[in-house]
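# Structural overview
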Amino acid sequence: MKKQISIKKNKKKIRITGADAVMRSLAREGVDTIFGYPGGAIMPIYDALMDHSDKTKHILTRHEQGAIHAAQGYARVSGKVGVVLATSGPGATNLITGIADAMIDSTPLVCITGQVTASLLGSDAFQETDVIGISMPVTKWNYQITKSEEIPEIIAQAFYIARSGRPGPVLIDIAKNAQFGELDFEYNKCIKVRSYVPVPKPDPETIKEAADLINQAKKPFILFGQGVILGEAEDEFRAFVEKSGIPAAWTILGACALPRKHPLNVGMLGMHGNYSTNIKTNECDLLIAVGMRFDDRVTGDLKRYAKQARIIHLEIDRSEVNKNVRVEVAVLGDVKVTLPALTARIKKRSHDSWLREFRDADKIEIKKVITKDLFPTKEGLTMGEVIQILNEKTGGNAIVVTDVGQHQMVTSRYFNFANKRSYVTSGGLGTMGFGLPAAHGAKIAAPEEEVILIVGDGGLQMTIQELGTINQTQAAVKIVLMNNKYLGMVRQWQEMFFEKRYSETYLLNPDFVKVAEGFGIKGRKVLHRPELAAAIQEMLDYKGPYFLEVSIEKEDNVFPMVPTGASVSEVILEPKK
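Quantities reported herein were computed from a predicted structural model and do not represent experimental measurements.

Before going further, it helps to examine the sheet that holds strand β7 (residues 141–145). Spatially, six strands are ordered β4-β3-β5-β6-β8-β7 in an open sheet, and the strand pairing comes out parallel. In the strand order of this sheet, the two ends are held by β4 (57–60) and β7, each with one partner. Within the sheet, the average angular offset between the axes of one strand and its neighbour, ignoring direction, is 20°. As defined by bridge partners, strand β6 (residues 109–115) adjoins strand β8 (residues 169–175) across seven bridges and the pair is classed as parallel. For glycine 114, the partnering residue across the bridge sits in β8 and is isoleucine 174.

See the structure below:
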């Protein structure tokens, strides 16, 4: 059933096909780029696309999963809604992994799938799949269009829902007869949906309560996530941090909300986060969570998580409050509004002695972990030294995209992100294969920016065909493959917790440089330390896409580490001897 909506009225009407209405509706929403893959059930829309190619660019990926991950990368960097086209049946089902990834990571997408003619629905027609039923658990909203007259209204509603409040993916399934049918086209942007309240109204009383707790705290600690970025509240957040003087730590998706080198930025939270941020979570007297959802990779054992602390939660999605961690004060609303209101009520303070405790703990991590990662003395190359050279060469002024695994954690820990919206990675779902197409989408969104992909040999081979898409567009993505010939993160767990029984984690890999060159992309392989810096410089200087393979030693593990089920206080700094 359609929800009742409010619209901005536009009286101009023209008679067109449903397929043309789709393209015109997308244009009214400011869509300039679409990622997709054609097929029978969506062919009328692709035919209409030709008449709009002067205004709307289409990126033909090599797989629908490549299309949706590229749209995610585009959305995360641009702040716009990513748009995907796919056909029915396998085309639609191939989107599901990316939709689930976008849902848990709050990425705004509008996915449009073709469907068999309405009269054939439920008959098991060729390439018919119940994509509405399949996608319902992993979409913010979905809808099946069977009449051409529905198209403008539903697309308007889809964009409003995808981008408003806590963003997320929306799917529209359009029957083929609706694409061929005609309608009197009128497009009115959606501005309200009845019963849908995307942004809770802030309560001044909870803001006052939160400010009182902050002003009284002796050892307060800020935890911030992607909500700051999605709310475009980086400046407001920085003002809050600086006036409060409180140490602040980030989730992986919140990495760019505060510059890495800011004096109050104390590092990364979670399973492979910094030593200080983990142990101090269980020593602070007040936790202030801003736009983060207390994911299990951040909290560890919930029964032993921050039991000594009072907790404030600034959040736009009321369903996240008290879901995992009980809080004392919930400040609901858009952080771009609630943060300034809170900042106005807090006292300007410094917490130098408390901050010094973080820095003292950092010294332990520097000695036991960081120095070995970034400046190794052993013969084999480490992931950390690759990131360190990228820091030196770019100054942190690059958009970095990662796949999922050890390289993701090392990049998160060590790259010095200097700019807003400059880190794209799969957080909640941890989707291997995300990196390559997402990096392509990021480059399409920001063609003038340096876009660097850090990827492992396992994840790369899940969507390696997207090298063909990059070659076709000549998007200058710089690809750094960290190749240890293993599924590295799984192998690390096998080493630590399964007595080095490396069950099905060794990879017999191809010659990746030849594969890249086969796709028309220049490549180079680095085996030894003396050639690494020059190879990275060559990659950065090259004007087109470039593939750099770096041979990493097999047992280059990621520490610190909080084992699954452990308390954040039980962080491991080095392997047991």
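Now that the structure is up, let's keep going.
Before going further, it helps to spend a moment on empty space enclosed by the protein. Applying the stated rule across the entire model yields one cavity of 30 Å³ or more. In this model, the largest cavity occupies a volume close to 100 Å³. The wall of the largest cavity is formed by Arg76, Gln226, Ile229, Ile252, Leu253, Ala255, Cys256, Arg421 and Tyr423. A class-by-class count of the residues in the lining of the largest cavity yields six nonpolar, one polar and two charged.

Taken as a whole, the chain is organised into domain 1 (14–185), domain 2 (204–357) and domain 3 (375–564). Measuring from the centre of the C-alpha atoms in domain 1 to the corresponding centre in domain 2 gives 37 Å. Across the contact, seven residues belong to domain 1 and seven residues belong to domain 2. Taken together, both faces of the contact between domain 1 and domain 2 bury some 650 Å²; the carbon and sulfur share is 53%. Three residues, Arg76, Asp105 and Arg166, lead the burial of domain 1 against domain 2; their summed loss comes to 62% of the area buried on that side. The tally of links from domain 1 across to domain 2 stands at two salt bridges. A salt bridge links glutamate 320 to arginine 166, with the nearest nitrogen and oxygen atoms 2.8 Å apart. For the pair domain 1 and domain 2, the number of links is three residue pairs in polar contact (both at pLDDT 80 or more). Tallied by class, the residues present in the side of domain 1 that touches domain 2 amount to two nonpolar, two polar and three charged.

Each value, and the rule that gives it
- Counting restarts for each chain, with residues numbered from 1 along the sequence as it is written.
- Side-chain atom pairs in this predicted model are given and counted only at pLDDT of 80 or more, local residue features only at pLDDT of at least 70, and totals for whole chains, interfaces and linings cover all residues.
- With hydrogens and water set aside, each side-chain value is computed from the structure's full complement of heavy atoms.
- Any two strands with at least two DSSP bridges between them are considered paired.
- Strands here are runs of E lasting at least two residues and helices are runs of H or I lasting at least four, both read from the DSSP assignment and numbered beginning at the N terminus.
- In this analysis, axes come from line fits to C-alpha atoms, helices being fitted only over the stretch in contact, and the angle between any two N-to-C directions falls in the range 0 to 180 degrees.
- Points on a 1 Å grid over protein atoms alone make up a cavity when a 1.4 Å probe fits among them but cannot get out, and a pocket when they form an open set with protein on both sides within 12 Å along at least five of seven lines; lining residues each have an atom within 4 Å of a point.
- Grid points are joined across faces, edges and corners, and a volume is the space filled by probe spheres set on the points.
- The residue classification treats Ala, Val, Leu, Ile, Met, Phe, Trp, Tyr, Cys and Pro as nonpolar and Asp, Glu, Lys and Arg as charged. All others, Gly included, are polar.
- Marked domain ranges trace back to an automatic or database domain assignment.
- Residues count as neighbours in contact if any of their non-hydrogen atoms are within 4.5 Å of one another.
- Reported buried area values correspond to the accessible surface (1.4 Å probe) lost by two parts on association, with both partners' losses combined.
- Each reported salt bridge corresponds to a side-chain nitrogen of Lys or Arg within 4 Å of a carboxyl oxygen of Asp or Glu.
- We call two N or O atoms a polar contact when they sit within 3.5 Å, provided that within protein one can donate a hydrogen and the other can accept it, with sequence-adjacent residues counted only if both atoms are side-chain atoms.

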